[in-house]
Amino acid sequence: MGMEDHKLKVFCTVAETKSFSKTSEIIHLTQPAVSLQIQALEEIYETKLFDRSSSFINLTPAGEILYKYAKDILNLYAEAEKEVGKITGLIKGSITIGASTTIGNYVLPTVIADFKKTHPKIKINVFIGNTKRIVDLLNSGGVDIGLVEGETSKHKMKTEPIITDELTFIAPPFHPWAKKKVVSILEVTKEPFILREEGSGTRQMIEKYLSSHGINTGDMRIALVLGSTESIKEAVESGMGISIVSKWAARKEVKYGSLKLITPKEEKIIRNFSLIMQKSAVLSHAVDEFLAYLKSYPYDSLLSEGKV
């Protein structure tokens, strides 16, 4: 508010309380300061605004007119502040996202970096853990929203698919499979295989896919079980076996030629990354704004450009 508006506020308060002393309490000004503000306004309008002749302070006819407009002006200011606050509320605030490992490590960093270009004041915190951990954090209110892979239907959450993902075989460039574009899923039992840990959404998905083709992890030559996609990629690059990972996770290695992607011949392994929220969640402006961005983001362009 400018100086002018502050004077109007003092003026309206005097008009309503009919008392300089009450006004000075309400507005936290000394009585002489209140009188000075009123005098200044009277000088601007070149007329008396209050009739001080009786023991009460009453508005003069000119004061009545000013009072009517002053109330409107002050209300408009309050509305303006509220409306601007709505927009700046979108622009500041903080968001806490729980993301399972593939999304948290390989998809979100680019999306968040792009989002921050237009919303520099929003603070974003990301917790990364497997799907089960994210569901727990969401239930305890530790995160605003979750982005997970794997099955979430059994967790009584509001779930919405948001990005598609494809899982493919990865092999080092010197592996016989590297020359092929497709390999039968049945070939998987002949090769040393590197698997993710229990509780991982990616592992769930692989096991479901294999069992739909009659393959049990017991039939496979499991060379290693590793707790992260990064360590799996390293192990595959160094020739310890093959594995199945998200296309998202192998973007960089494919770009630099240290890993080859091979599609299973029978059918592609497609899954969704889903957005999960508590059913009764009330979201802040900042979270709403991020969700809208997340839903309209051109994910395919990231994969096709091999953007890192």
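Anything mentioned here points back to the structure above.
In what follows, the accompanying structure is described. Since the structure is predicted, the reported quantities are computational estimates derived from the model, not experimental observations.

### Here's the deal with the packing of aromatic side chains
- A full pass over the atoms with the stated rule returns 7 aromatic pairs.
- Judged by centre distance (5.0 Å) and plane angle (70 degrees), the rings of Phe169 and Trp177 are edge-to-face. Across the pair, Trp177 and Phe169 agree in class, each one buried.
- Judged by centre distance (5.0 Å) and plane angle (50 degrees), the rings of Tyr297 and Tyr299 are tilted.
- Owing to a relative accessible area of 9%, Tyr297 belongs among the buried residues under this scheme.
- Positioned above the aromatic ring of Tyr69 is the side chain of Lys68, whose terminal nitrogen or guanidinium carbon lies 4.7 Å from the ring centre.

### Here we look at helix α7 (residues 201-212)
- With 12 residues, α7 should reach 16 Å at 1.5 Å per residue; the first-to-last C-alpha distance of 17 Å fits that figure.
- Looking only at α7, the buried set comprises Gly201, Thr202, Arg203, Met205, Ile206, Tyr209 and Leu210.
- Positive phi shows up at Gly214, right after α7, with a value of about 75 degrees.

### Some remarks on the pairing of strand β11 (residues 260-264)
- Strand direction decides the pairing type here: strand β6 (residues 158-171) and β11, joined by 3 bridges, are antiparallel. From the neighbouring strand, Ala171 faces β11, where its bridge partner is Lys260.
- Bridging between strand β7 (residues 182-183) and β11 involves 2 bridges; their strand directions are parallel. By the bridge assignment for β11, Val183 is matched with Pro264.

### Examining the packing of helix α5 (residues 101-118) against helix α10 (residues 285-296)
- The geometry of α5 relative to α10 is characterised by a closest axis approach of 11 Å and an angle of 120 degrees between their N-to-C directions. Compared by their axis directions, α5 and α10 come out oblique. As α5 packs across α10, the resulting crossing turns out to be right-handed. On the side of α5, the interface is formed by Leu108, Val111, Ile112, Asp114 and Phe115, while α10 contributes Glu289, Phe290, Tyr293 and Leu294.

### Observations concerning the pairing of strand β12 (residues 269-277)
- In terms of burial, β12 is largely enclosed, as 7 of its 9 residues are buried.
- Two strands pair when backbone bridges link them, and strand β5 (residues 145-149) and β12 are joined in this way by 4 bridges, in the antiparallel orientation. Bridge pairing in β12 places Val148 opposite Ser274.
- Here β6 pairs with β12 via 9 bridges, running antiparallel. Bridging across to β12, Lys158 finds its partner in Met277.

### Thoughts on the pattern of salt bridges
- Inspection of every chain in the model, using the stated rule, returns 15 salt bridges.
- Among the salt bridges present, the one from Glu197 reaches Arg196, with a minimum N-O distance of 2.7 Å.
- Using a relative accessible area of 3% as the deciding quantity, one classes Arg196 as buried.
- Ionic pairing is found between Lys233 and Glu253, a salt bridge with its closest N-O pair at 3.0 Å. One end of the pair, Lys233, is in helix α8 (residues 229-237); the other, Glu253, is in helix α9 (residues 251-256), with 20 residues separating them in the sequence.
- Residue class for Lys233 comes out buried when judged on its relative accessible area of 3%.

### Brief notes about helix α2 (residues 20-27)
- Those residues of α2 that sit buried are Phe20, Thr23, Ser24 and Ile27. Here the buried residues of α2 occupy an arc of 100 degrees about the axis, which is enough to place them on one side. α2 presents Glu25 and Ile26 as exposed residues on the side facing more than 90 degrees away from its buried surface.
- His28 occupies a position one or two residues after α2 and carries a positive phi of about 55 degrees.

### A few points about the environment of Gly142
- Residue position: Gly142 is located in the loop between α6 (131-139) and β5.
- Apart from the residues within four sequence positions on either side, Gly142 is in contact with Thr96, Phe127 and Leu137.

### Brief notes about the side chain of Ser100
- Within the element layout of this structure, Ser100 appears in the loop between β3 (93-99) and α5.
- For Ser100, a relative accessible area of 0% puts it in the buried group.

Procedures and definitions
- Residues numbered from 1 in each chain as written.
- Predicted model: local features only at pLDDT ≥ 70, side-chain atom pairs only at ≥ 80, totals over all residues.
- Heavy atoms only, no water.
- Phe/Tyr/Trp six-rings, centres within 6.5 Å; stacked < 30°, edge-to-face > 60°.
- Buried < 20%, exposed > 50% of the residue type's maximum accessible area, 1.4 Å probe, protein only.
- Lys NZ or Arg CZ within 6 Å of the ring centre and 35° of its normal.
- Helix = DSSP H or I, 4+ residues; strand = E, 2+ residues; numbered from the N terminus.
- Expected span 1.5 Å × (residues − 1).
- Pairing = 2+ DSSP bridges.
- Axes fitted to C-alpha atoms, helices over the stretch in contact; angles between N-to-C directions.
- Parallel < 35°, antiparallel > 145°, perpendicular 65-115°, else oblique.
- Left-handed = near helix turned anticlockwise from the far one by under 90°.
- Contact = heavy atoms within 4.5 Å.
- Salt bridge = Lys/Arg side-chain N within 4 Å of Asp/Glu carboxyl O.
- Arc of directions from axis to C-beta.

Any link to function would need more than the numbers given here.
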